[in-house]
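# Results of the structural survey
Listed below are the residues making up each chain.
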Amino acid sequence: MQTVIGTCHCKAVEFEVDLIDGFENIRRCNCSICSRKGAVMAGVTLDRLRVTRGSDVLSLYQWNTKIAKHWFCSVCGIYTHHQRRSAPNEYGFNLACIEGVGMASIGEIGRSNGAAQSLV
């Protein structure tokens with residue numbers, strides 16, 4: 001297992017992610033919020049992501065069913081991670097926040113059809 005560190009832009013928020021076999025489930029989602037933020041995300045189970053600094057400056061955004069939870073740094077506005085509506089036992093996290101990740105080296109990015117999921 002490898003642990004990687006992620007931060008928001010201003011570094012007020014820091015989180016750790018435990019990777020078992022590199023980055024998993026790399027994707028962009030087409031739901032209304034993800035299509036607007038444009039982030040490339042990877043996923044892990046809830047027990048594999050820990051906020052290690054700045055939980056007090058994270059802002060939570062929810063809408064509609066209130067199942068998904070999207071966190072942003074209240075200082076710099078960067079989206080760091082979210083708890084998924086389609087899989088509430090998983091976090092998606094912003095790959096651009098991970099130290100040392102070159103977005104050009106990610107390779108093929110999958111698509112998640114969050115817009116087609118039931119909103120009820």
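Throughout what follows, the structure given in this document is the object of discussion.

Rules of the game
- Residues numbered from 1 in each chain as written.
- Predicted model: local features only at pLDDT ≥ 70, side-chain atom pairs only at ≥ 80, totals over all residues.
- Heavy atoms only, no water.
- Pairing = 2+ DSSP bridges.
- Helix = DSSP H or I, 4+ residues; strand = E, 2+ residues; numbered from the N terminus.
- Axes fitted to C-alpha atoms, helices over the stretch in contact; angles between N-to-C directions.
- Contact = heavy atoms within 4.5 Å.
- Buried < 20%, exposed > 50% of the residue type's maximum accessible area, 1.4 Å probe, protein only.

Let us now look at the sheet that holds strand β2 (residues 14-19). Taken in spatial order, the three strands of this open sheet run β1-β2-β5, and their pairing is antiparallel. Whereas interior strands pair on both sides, the edge strands pair on one side only; in this sheet they are β1 (2-7) and β5 (49-53). Here the average twist between neighbouring strands, direction ignored, is 30 degrees. As paired strands, β1 and β2 are joined by six bridges and run antiparallel to one another. Note on β2: the bridge partner recorded for Thr 3 is Asp 18.

Time to look at the side chain of Asn 94. Note on placement: Asn 94 falls in strand β9 (residues 90-94). Among residues more than four places away in sequence, those in contact with Asn 94 are Ala 39, Val 40, Ile 78, Tyr 79 and Thr 80.

Quick look at the environment of Ile 106 now. Here Ile 106 lies in the loop between β9 and β10 (110-112). Classification of Ile 106 as buried rests on a relative accessible area of 16%. Sequence-distant contacts of Ile 106, that is, excluding residues within four places in its chain, are made with Ile 26, Leu 95 and Val 101.

A separate point is unusual backbone geometry. A positive phi angle, near 55 degrees, is found at Asn 25, a position not held by glycine. By the element assignment, Asn 25 lies in the loop between β2 and β3 (27-29). Positive phi, close to 65 degrees, is recorded for Lys 66, a residue that is not glycine. Among the secondary structure elements, Lys 66 is positioned in the loop between β6 (58-61) and β7 (69-73).

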